[in-house]
Amino acid sequence: MINDAVPLPPQAAERYETTRLLGEGGMGTVYLAQDKVLDRTVALKIVRLDRADRARDQRRFRREISLLARVSNAHVVRLLDYEEHEDTLCYTMEYVEGASLGDLAEDGSFSVDEAVGIAAQLADGVAAVHEAGVLHRDIKLDNMVITFDGSLKLVDFGLAILDDEEVTRLTREGH
């Protein structure tokens, strides 16, 4: 267990026990964790707000949480909980056990039927995102996880916006 090395808000530290690093990105770090209250495995995303642009990072992370909370679909990762304390924001989401479509696509071993099934699941997930008024804006192979039973989950809403939002406020060309 790695809780000592992970800066969790107090309530999260009591509830979750981190077990390993799953990934790092521009906004935060994602850990595999055990929810000790509900006895389930979750993914825990943490953002430290002690960097130079604290206010911007805080707004973007809250936006990610808010937009993910709007979507409910079998092919979109589910938001489970959120906590904020001083310089740390974190949220838990369902842990999607599997591999990214990017990793799986490297060996090119998909049949036509499998590829069509994956595309249909992706279309269903993206439709649900759009029906919730959200634009994902980062749909790529690494943000699609295929579970061991063949289900697709769309993940990483770090660049998502409301569909009527001014895009240039969050990103610029080349960034």
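Before reading further, recall that the structure is shown in the block above.
An account of the accompanying structure is given in this report. (Residues numbered from 1 in each chain as written. Predicted model: local features only at pLDDT ≥ 70, side-chain atom pairs only at ≥ 80, totals over all residues. Heavy atoms only, no water.)

Attention now goes to the side chain of T147. Relative to the helices and strands, T147 resides in strand β8 (residues 144–147). Accessibility expressed as a relative area gives 16% for T147, which makes it buried. (Helix = DSSP H or I, 4+ residues; strand = E, 2+ residues; numbered from the N terminus. Buried < 20%, exposed > 50% of the residue type's maximum accessible area, 1.4 Å probe, protein only.)

Attention now moves to helix α4 (residues 112–131). Between the first and last C-alpha of α4 there are 28 Å, a value that for 20 residues agrees with the 28 Å anticipated at 1.5 Å per step. When α4 is considered as a whole, its buried residues turn out to be I118, Q121, L122, G125, V126, A128 and V129. Considered in projection along α4, the buried side chains sweep an arc of 155° and stay on one side of the axis. Exposed side chains of α4 directed beyond 90 degrees from the buried face belong to V112, D113, V116 and E131. Packed against the buried residues of α4 are α3 (101–105), β7 (134–135), β8 and β9 (152–154). Two residues or fewer past α4, G133 is found with a positive phi of approximately 80°. (Expected span 1.5 Å × (residues − 1). Arc of directions from axis to C-beta. Contact = heavy atoms within 4.5 Å.)

Attention now goes to helix α2 (residues 54–69). Helix length check: α2 (16 residues) gives 22 Å between terminal C-alpha atoms against 22 Å at 1.5 Å per residue, within 8%. Of the residues making up α2, those classed as buried are D57, Q58, R60, F61, E64, I65, L67 and L68.

Of the two faces of β8, the one holding M144 and I146 and the one holding V145 and T147 are both buried throughout. With three bridges joining them, strand β6 (residues 98–100) and β8 adopt antiparallel strand pairing. Bridged to A99 within β8 is I146. Relative to β9, β8 runs antiparallel, the two being bridged by three bridges. What sits directly across from V145, in β9, is K153. (Pairing = 2+ DSSP bridges.)

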